[in-house]
Amino acid sequence: MKDDFFATKTPLGFAFAGGALDRLSAKRDDAAFVAELRARPEARFLLIARDMPLLTREPREVLFTLAEAERLGPSVDEILLGVREGGSPLFAARLPDAAVEMREDHSDGFLDKRVLVIPGREDLELADMRMIAATGMVDPPSVALLGAAKAMCHWHARHQFCANCGAPTRFAAAGFRRECDACKAQHFPRTDPVVIMLAVDGERCLLGRQPRFPKSMYSALAGFVEPGETIEEAVRREIHEEAGIVVDEVAYVASQPWPFPASLMIGCLARAKTRDIFMDHEELEDARWFTRDEAHAMFEKRHPEGLMAPVRMAIANHLLRVWLGR
Ligand SMILES: [Zn+2]
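Residues numbered from 1 in each chain as written. Predicted model: local features only at pLDDT ≥ 70, side-chain atom pairs only at ≥ 80, totals over all residues. Heavy atoms only, no water.

This part covers the overall build of the chain. Within the chain, the regular secondary structure consists of seven helices and 17 strands. Its C-alpha atoms give the chain a radius of gyration of 22 Å, within 12% of the compact-globule value 20 Å for 326 residues. Dimensions of the chain along its principal axes, counting C-alpha atoms only, are 60 × 45 × 45 Å. Considering the chain as a whole, with its 326 residues, one finds that 49% of them fall into the buried category. In the chain, the share of contacts with a sequence separation of at least 24, taken over all contacts with a separation of at least 6, comes to 61%. Element-wise, carbon and sulfur atoms account for 53% of the exposed surface of the chain, whose accessible area totals about 16400 Å². The average position of the 42 basic charges and that of the 50 acidic charges among the side chains of the chain differ by 2 Å. (Helix = DSSP H or I, 4+ residues; strand = E, 2+ residues; numbered from the N terminus. Rg over C-alpha atoms; globule rule 2.2 N^0.38 Å. Buried < 20%, exposed > 50% of the residue type's maximum accessible area, 1.4 Å probe, protein only. Contact = heavy atoms within 4.5 Å. Areas by Shrake-Rupley, 256 points an atom, 1.4 Å probe, with all protein chains shown as cover. Lys, Arg positive; Asp, Glu negative; His and termini not counted. Charge placed at Lys NZ, Arg CZ, Asp CG, Glu CD.)

Structure below.
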């Protein structure tokens, strides 16, 4: 029997996927087991300070030993991410805010351009997660693991108090739960679903640009899934709200963890039933239909207006490739 239904494999080639981790979720409450993993000589730590990954400068490394991590002072939270291929335990450690100094902040809403330093440690640098992923300064599996570490540390930093009663929460389950001793509420790390989709009408696809995008870049439309909504409904609503286009069929293509701060991008293609664009100027600076030839030209950096395809690290780039058959 043919298994065509399962023919779609999760493709790599975009960032934050493919961390290849055994997450050991059934063992997280076994404190002795977690302590034993932590003490193993092959255990490694990804270090995050104020939402930024820490790297060594030369050579570029993101994995630290326990001794190297402890040299930076006690971490606030240590999360067991799992065991990597080959068997070495992997933790994410959140350094206290006081461990780093902010020298400058040129953040532009797209890139995190804070200049953070660890005083006295010129051999280390803190780098923006988007830049790490886009430049290839770190190998792709490590980018995926760093993304997970960043999302987890972001969650812990902002869930120190119970959303139910306001009392302090306590770290539990090796970092995959926080507990409130006052009201007994349990809190779990969030992942926020976002639909990202390409509306297509046969020979053309719909792309838009937000004002914060890099100059000349057009990308797929996207938006958060709302409570009570299916993925298909969210795709139809977002395309209609942002561009006034009515779509009917929706096909899932692939997904991508997106640690800004903790989303899961759900990539879809959607069949357009209408052509006239009525743009939401609050969300978009421009939206237009692109022919296949134009889309190819954007990939090959020869579009007559200098327009660019979405960056390679993003799933929007992959959606466009799937539609073009590239
Ligand atoms: Zn509580």
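The zinc ion binds to the protein through C162 (SG), C165 (SG), C180 (SG) and C183 (SG), with metal-donor distances spanning 2.2 to 2.4 Å. For the zinc ion, the four donor atoms in the first shell make angles of 100 to 115 degrees at the metal, a pattern classed as tetrahedral. Motif for the zinc ion, donor spacing along one chain: C-x2-C-x14-C-x2-C. (Donors = N, O, S within 2.8 Å, 3.2 Å for Na, K, Ca; no water. Tetrahedral: all angles 85-135°; square planar, octahedral: opposite > 155°, others 65-115°.)

Moving on to the side chain of E238. Looking at the element boundaries, E238 is found in helix α5 (residues 231-243). Sequence-distant contacts of E238, that is, excluding residues within four places in its chain, are made with V195, M197, A222, G223 and F224.

Once that is clear, we can look at helix α7 (residues 315-324). Because the α-helix completes a turn every 3.6 residues, residues three or four places apart line up on one side. Within α7, nine of the 10 residues are buried, leaving the element largely enclosed by the surrounding structure. Along α7, the positions that sit buried rather than exposed are I315, A316, N317, H318, L319, L320, R321, W323 and L324. Of the surrounding secondary structure, the elements contacted by the buried residues of α7 are β12 (192-200), β13 (204-209), β15 (247-258), β16 (263-272), β17 (286-291) and α6 (292-299). At the C-terminal side of α7, G325 shows a positive phi close to 70 degrees.

Looking now at the pattern of salt bridges. Applying the stated rule across the entire model yields 29 salt bridges. Between R170 and D181 there is a salt bridge, with its nearest N and O atoms 2.9 Å apart. Separated by 11 residues along the polypeptide, R170 in strand β9 (residues 169-172) and D181 in the loop between β10 (177-180) and β11 (186-187) bring together distant segments of the chain. When the shortest N-O distance is used, the salt bridge between E226 and R237 registers 3.8 Å. In this pair, E226 sits in the loop between β14 (221-224) and α5 while R237 sits in helix α5, placing the two residues 11 residues apart along the sequence. According to the relative accessible area criterion, E226 is partly exposed, its value standing at 44%. (Salt bridge = Lys/Arg side-chain N within 4 Å of Asp/Glu carboxyl O.)

Take the side chain of S88 next. Inspection of the secondary structure puts S88 in the loop between β4 (77-84) and β5 (89-95). Only 2.8 Å separates the side chain of S88 from the side chain of R84, close enough to count as a polar contact. Residues within four places of S88 in sequence aside, it is in contact with E42, G82 and V83. (Polar contact = N/O pair within 3.5 Å; in protein donor to acceptor, adjacent residues only side chain to side chain.)

Core analysis: the largest hydrophobic core is formed by 52 residues, its most contacted members being F16, I132, L198 and L320. Each residue touching L320, except ones within four places of it in the same chain, is listed here: L198, C205, L207, F299, A309 and P310. Core analysis: the second largest hydrophobic core is formed by 25 residues, F33, F64, L80 and V100 among them. (Core = buried A, V, L, I, M, F, W, Y, C linked by side-chain atoms within 4.5 Å.)

Right, let's talk about the sheet that holds β11 for a bit. Pairing is antiparallel across the open sheet formed by three strands, whose spatial order is β9-β10-β11. At either end of the open sheet lies a strand with only one pairing partner, and these are β9 and β11. Bridge analysis of β9 against β10 gives four bridges, and the strand direction is antiparallel. Residue pairing across strands places F171 opposite R178, the latter belonging to β10. (Pairing = 2+ DSSP bridges.)

The next subject is unusual backbone geometry. Of note, the amide linkage connecting E58 to P59 takes the cis form, showing an omega dihedral of -5 degrees. Residue placement: P59 occurs in the loop between β3 (52-56) and α2 (66-71). Backbone torsion omega between F260 and P261 reads 0 degrees, so that peptide bond is classified as cis. A positive phi angle, near 50 degrees, is found at A20, a position not held by glycine. Note that A20 resides in the segment before β1 (21-22). Owing to a relative accessible area of 39%, A20 belongs among the partly exposed residues under this scheme. Phi at D51 is positive, roughly 70 degrees, even though this residue is not glycine. Relative to the elements of secondary structure, D51 occurs in the loop between β2 (44-49) and β3.

Everything listed here is a matter of coordinates, which is why it stays silent on function.
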